[in-house]
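Spelled out from the first residue to the last, the chains are:
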Amino acid sequence: MIIAGAGLVGSSFALALRSSGLRLALVESHAPACDDQAGYDDRIYALSPGTASFLDGSGVWQRLDSARITPITEMQVYGDDGASRLDFSAYDCGLPELAFTAENRLLQHVMWQQLGAQQNLTLICPGECEAIEWAAEYISLRLKDGSHLDAKLLVGADGGDSRVREQAGIDASQHPYQQLAVVANFEAEKPHRNIAYQWFRKDGVLAYLPLPDKHISIVWSTSVDHAQSLLALAPEQFCSEVAQAGGHALGDLRLITPGAAFPLKLLRVDRLVNPRIALIGDAAHVMHPLAGQGVNLGFQDARVLAKTLLNRGVQADCGDFRLLRRYERARKEDILAMQLTTHGLQRLFSNPWLSGLRNFGLRLTNSLPQIKGFLVQRALN
Ligand SMILES: Cc1cc2nc3c(=O)[nH]c(=O)nc-3n(C[C@H](O)[C@H](O)[C@H](O)COP(=O)(O)OP(=O)(O)OC[C@H]3O[C@@H](n4cnc5c(N)ncnc54)[C@H](O)[C@@H]3O)c2cc1C
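A short tour of the structure in this document, coming up. Keep in mind it's a predicted model, so treat the numbers as computed, not measured.

### Describing the layout of surface pockets
Stage number 1. Considered as a void within the structure, the second largest pocket measures approximately 280 Å³ in volume.
Stage number 2. In this structure, the second largest pocket is lined by 15 residues; those nearest its centre are Met1, Arg23, Leu24, Asp150 and Ala151.
Stage number 3. Those elements that provide at least two residues to the lining of the second largest pocket are strand 2 (24–27), strand 8 (121–124) and strand 11 (148–151).
Stage number 4. Among the elements that make up the lining of the second largest pocket, the one with the highest residue count is strand 11 (three residues).

### Brief notes about the pattern of salt bridges
Stage number 1. What the rule picks out here adds up to 14 salt bridges.
Stage number 2. Two residues, Asp317 and Arg276, come together in a salt bridge whose shortest N-O distance is 2.7 Å. A residue pair is termed long-range when its members are at least 10 positions apart, and Asp317 in the loop between helix 7 (294–310) and helix 8 (321–350) and Arg276 in the loop between strand 18 (273–274) and strand 19 (277–279) qualify at 41 residues.
Stage number 3. Judged by relative accessible area, Asp317 falls into the partly exposed class, the value being 22%.
Stage number 4. A relative accessible area of 9% places Arg276 in the buried class.

### Re the sheet that holds strand 15 (residues 204–210)
Stage number 1. Taking strand neighbours across the sheet as the criterion, the eight strands line up as 6-5-14-15-16-13-17-20 in an open arrangement whose pairing is mixed. The sheet is open, and its two borders are formed by strand 6 (85–89) and strand 20 (285–286), each paired with just one other strand.
Stage number 2. Examined bridge by bridge, strand 5 (residues 74–78) and strand 6 share five bridges and lie antiparallel to one another. Residue Tyr78 lies in a different strand from strand 6, and its bridge partner there is Arg85.

### So, the pairing of strand 17 (residues 253–269)
Stage number 1. Here strand 13 (residues 172–188) pairs with strand 17 via 13 bridges, running antiparallel. Each bridged residue has a counterpart across the sheet, and for Gln174 the counterpart in strand 17 is Leu267.
Stage number 2. Direction of pairing for strand 17 relative to strand 20: antiparallel, over a ladder of two bridges. Looking across to strand 20, one finds that Leu267 is bridged to Val286.

### Points about the packing of helix 1 (residues 8–16) against helix 7
Stage number 1. Across the interface, helix 1 lies against helix 7 with an axial gap of 9 Å and an inter-helix angle of 25°. Considered as vectors, helix 1 and helix 7 are oriented roughly parallel to each other. Two packed elements cross with a definite hand, and for helix 1 against helix 7 that hand is right-handed. Facing Leu8, Val9, Ser12, Phe13 and Ala16 of helix 1, the residues of helix 7 in contact are Val295, Gly298, Phe299, Ala302, Leu305, Ala306, Leu309 and Leu310.
Stage number 2. Of the residues contributing to the contact of helix 1 with helix 7, the split by class is eleven nonpolar, two polar and no charged.

### Thoughts on the site of the ligand
Stage number 1. Contacts to the ligand come from 30 residues, most closely from Glu28, Arg43, Ala46, Asp282 and Val295.
Stage number 2. Contact between the ligand and Cys129: a nitrogen atom at 3.0 Å from a main-chain N or O atom of the residue.
Stage number 3. Contact between the ligand and Asp282: an oxygen atom at 2.7 Å from a side-chain N or O atom of the residue.
Stage number 4. Protein burial of the ligand: of its 1,000 Å² of free accessible surface, 83% is covered by the chains.

### Considerations on the packing of aromatic side chains
Given two aromatic rings, one states the distance between the centres and the angle between the planes to describe the pair.
Stage number 1. Taken as a whole, this structure holds seven aromatic pairs when the rule is applied.
Stage number 2. Here Trp61 and Phe100 contribute two aromatic rings whose centre-to-centre distance is 5.2 Å and whose plane-to-plane angle is 65°, an arrangement assigned as edge-to-face. Of this pair, Trp61 sits in the loop between helix 2 (49–57) and strand 4 (70–72) while Phe100 sits in strand 7 (residues 99–103), placing them 39 residues apart in sequence. Phe100 shares its class with Trp61; the two are buried.
Stage number 3. Taking the centre distance of 4.7 Å and the plane angle of 70° together, the rings of Trp199 and Tyr208 count as edge-to-face.
Stage number 4. The structure contains a cluster of three or more aromatic residues connected by ring pairs, namely Tyr78, Tyr197, Trp199 and Tyr208.
Stage number 5. One cation-aromatic arrangement involves Arg43 over Phe262; the distance from NZ or CZ to the ring centre is 4.1 Å.

### Points about the environment of Glu236
Stage number 1. Within the element layout of this structure, Glu236 appears in helix 6 (residues 235–245).
Stage number 2. Owing to a relative accessible area of 59%, Glu236 belongs among the exposed residues under this scheme.
Stage number 3. For the pair formed by Glu236 and Gly159, sequence separation is 77 residues and the distance between their alpha carbons is 35 Å.

Calculation notes
- Residues numbered from 1 in each chain as written.
- Predicted model: local features only at pLDDT ≥ 70, side-chain atom pairs only at ≥ 80, totals over all residues.
- Heavy atoms only, no water.
- 1 Å grid on protein atoms, 1.4 Å probe; cavity = no way out; pocket = protein on both sides within 12 Å on 5 of 7 lines; lining within 4 Å.
- Points joined across faces, edges and corners; volume = space filled by probe spheres on them.
- Helix = DSSP H or I, 4+ residues; strand = E, 2+ residues; numbered from the N terminus.
- Salt bridge = Lys/Arg side-chain N within 4 Å of Asp/Glu carboxyl O.
- Buried < 20%, exposed > 50% of the residue type's maximum accessible area, 1.4 Å probe, protein only.
- Pairing = 2+ DSSP bridges.
- Axes fitted to C-alpha atoms, helices over the stretch in contact; angles between N-to-C directions.
- Parallel < 35°, antiparallel > 145°, perpendicular 65-115°, else oblique.
- Left-handed = near helix turned anticlockwise from the far one by under 90°.
- Contact = heavy atoms within 4.5 Å.
- Nonpolar A, V, L, I, M, F, W, Y, C, P; charged D, E, K, R; others polar.
- Near = heavy atom within 4 Å.
- Polar contact = N/O pair within 3.5 Å; in protein donor to acceptor, adjacent residues only side chain to side chain.
- Areas by Shrake-Rupley, 256 points an atom, 1.4 Å probe, with all protein chains shown as cover.
- Phe/Tyr/Trp six-rings, centres within 6.5 Å; stacked < 30°, edge-to-face > 60°.
- Lys NZ or Arg CZ within 6 Å of the ring centre and 35° of its normal.

Nothing here speaks to function; it is geometry throughout.
Have a look at this one:
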């Protein structure tokens, strides 16, 4: 089997198949930046307990430096009227935590080490997937250097601009949000007490995610102009803007990792599979980060596809279209529900005419324990 792309999702998928008996080729165009000794990465993820358990099963979670994993035990979400609020608490739900924060670079570092030692895997890096040809019994992938790889199944984990998806002729509809997500890390004056904060503001959505000690990471999704003006500020002014936008919930802030910005879009595909092809991760779906679910959904794709392949009969062809359809059926609804939710929230909170409705929605949801319980259950996967 060939896996295109060794981002977090492609790597986790390869690791989940380490005892499958399948021979794997993992093709990656760029080796990840894997320095685990550097300061905090600017890419911080909120990972669900379901993701933690999946990564634990592949031997990744327990190898991460636990001092750099931070549990989130409470979430506070604020509307833009200064009064509406929605809270989630692990304690109220009878859980040890709601999620964890972890750095992209540390995850990549541990995964990359594990992949290097994996018996059934050949890592081809740098290697760039270019074109696909189908034969009756296999698929042939041509790399940019002209070499070919043949396999029963090609899994596209090559991100939002997936070459595999394009070559497979799987249509993707794209909706750019005309926004950038500004990310940066800070030291806060006050302890965060493992609380994640989110403010739906008139200028976008701002999140504070807890990091070890008094450190936090922010994601501020806002218009391109506003994002660029934030990034152009001197560090002290940037800190003051971010602290003010968060109502000084954690007091003053000191910048520890410079700001960076990522363009935001919604990407939906009409199929997750084609004969001898399956898509996972951002190759299959991209969404607004306001629910912090993009990579979590990708890890679930990897988990479900790996399980589908591990459960097939010993003699069965791993590229059998019926198997791939089983994976697609298991994932489609979940992906659609999360994309509709994040897109719907983004639209609701970017429309100035709907301010009353959305703030009422936050207050109403906060008063309905069953609905809150349902939302928490969905986010645990
Ligand atoms: C600001 C921001 C904040 C976010 N926060 C969260 C969060 O808190 N929680 C969460 O769950 N998600 C979050 N996300 C989403 C998350 O970043 C993505 O869903 C995730 O990184 C996708 O991982 P992936 O492995 O599918 O794709 P990628 O990370 O894009 O990896 C694809 C890999 O394929 C390789 N590749 C590409 N093309 C080729 C080719 N032709 N040949 C060979 N290799 C190739 C690339 O080099 C790369 O290594 C956030 C996103 C943004 C923008």
